[in-house]
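# Architecture at a glance
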Amino acid sequence: MTSQDAHLADLRIDTPPATLREIALERMRRAIIAGLFEPGQRLVERALCEQLGVSRSVIREVIRHLESEGLVESIAKQGPIVARLSWDDARQIYEIRSALESTAVADCARRAGAKVKARLGAVLSELDRTSKKNSPPAILDATHEFYKIIFETSGHTIAWEIVNRLNSRISRLRVMTLSTANRTVSGPARMREIYSAIERNDPEAAAAACRAHVAEASKIAETLLAEQGDV
């Protein structure tokens, strides 16, 4: 490599900075998932511009994107509102999760070597730490990373794309179930059962633990949504 090549290589931007739209989108997404904006609440452009410090054009782009993720819906003569959670939608999401995740963890258990097991173990340690602090955003990040490793290892790339498309609604349901007593303990415990089966390279046990984990979360969500009158 010549001296000029070396200097030109220094110009490369490996991690492009996030645009204002991307920053606003992520903050709005997190706010809705965390419950800062309640289901059914109107999203007023002027107020959002002031709260986020961005232009109306940015807010409109963000709202369109959140609508495609299922976090926002547009109501005639009312405008955009935070999408309401219904049990019918939640049930379908849990059914999709159970089918895709149980297959992925089974294949991960078949393929996982020492490096994958070490990565999963490290993520679970982080999950335990964030759960004790009761930090939903950090819990969501660790949980997402746990399943990302599993889907990548299993080779289920298309299934992971589907999960990612549903991720905002999945995260919203996770935060809702985390608000119940003991879920920050029982959730990670269920995930550790999945990990233990992967560590033993036991696909059947991994799939069974995954289905039990999703079924437990589904039952909690059904109860909570019933209390809110959405079942």
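What this report covers is the structure whose coordinates are included nearby. Only a predicted model underlies this, so the values are computations on that prediction, with no experimental measurement involved.

### Brief notes about the packing of aromatic side chains
- Applying the stated rule across the entire model yields two aromatic pairs.
- When the ring of phenylalanine 146 is compared with that of tyrosine 147, the centres are 5.3 Å apart and the planes differ by 85 degrees; the resulting orientation is edge-to-face.

### What about the pairing of strand S1 (residues 72–75)?
- Where S1 and strand S2 (residues 79–82) come together, four bridges link them in antiparallel fashion. Residue pairing across strands places valine 72 opposite valine 82, the latter belonging to S2.
- Count of turn residues in the S1/S2 antiparallel hairpin: three residues, of which lysine 77 carries a positive phi of about 65 degrees.

### Brief notes about the environment of tryptophan 87
- With respect to the helices and strands, the residue tryptophan 87 is situated in helix H5 (residues 87–111).
- Judged by its relative accessible area of 13%, tryptophan 87 falls in the buried class.
- As a C-alpha pair, tryptophan 87 and glutamate 222 span 135 residues in sequence and 6.2 Å in three-dimensional space.

### Digging into unusual backbone geometry
- Even without glycine at this site, asparagine 134 takes up a positive phi of about 55 degrees.
- Structurally, asparagine 134 can be placed in the loop between helix H6 (114–132) and helix H7 (136–154).
- Phi is positive for asparagine 201, close to 55 degrees, though the residue is something other than glycine.
- Mapped onto the fold, asparagine 201 is located in the loop between helix H10 (183–199) and helix H11 (203–227).

### Observations regarding the layout of surface pockets
- Empty space within the largest pocket amounts to approximately 260 Å³.
- In terms of lining residues, the largest pocket is bounded by 15 residues, among which Arg30, Ile33, Leu140, Asp141 and Ser171 are the most central.
- Secondary-structure elements contributing two or more residues to the lining of the largest pocket are helix H2 (20–34), H7 and helix H9 (167–178).
- Residues that form the lining of the largest pocket fall into these classes: six nonpolar, four polar and five charged.
- Its volume calculated, the second largest pocket comes out at about 220 Å³.

### Comments concerning H10
- For H10, built from 17 residues, the straight-helix expectation of 24 Å at 1.5 Å per residue is met to within 8% by its first-to-last C-alpha distance of 24 Å.
- Looking at H10, one finds that the buried residues are Arg183, Thr184, Ser186, Gly187, Pro188, Met191, Ile194, Tyr195, Ala197 and Ile198.
- Where H10 ends, the next residue or the one after it, asparagine 201, has phi of about 55 degrees, a positive value.

Basis of the calculations
Residues numbered from 1 in each chain as written. Predicted model: local features only at pLDDT ≥ 70, side-chain atom pairs only at ≥ 80, totals over all residues. Heavy atoms only, no water. Phe/Tyr/Trp six-rings, centres within 6.5 Å; stacked < 30°, edge-to-face > 60°. Pairing = 2+ DSSP bridges. Helix = DSSP H or I, 4+ residues; strand = E, 2+ residues; numbered from the N terminus. Buried < 20%, exposed > 50% of the residue type's maximum accessible area, 1.4 Å probe, protein only. 1 Å grid on protein atoms, 1.4 Å probe; cavity = no way out; pocket = protein on both sides within 12 Å on 5 of 7 lines; lining within 4 Å. Points joined across faces, edges and corners; volume = space filled by probe spheres on them. Nonpolar A, V, L, I, M, F, W, Y, C, P; charged D, E, K, R; others polar. Expected span 1.5 Å × (residues − 1).

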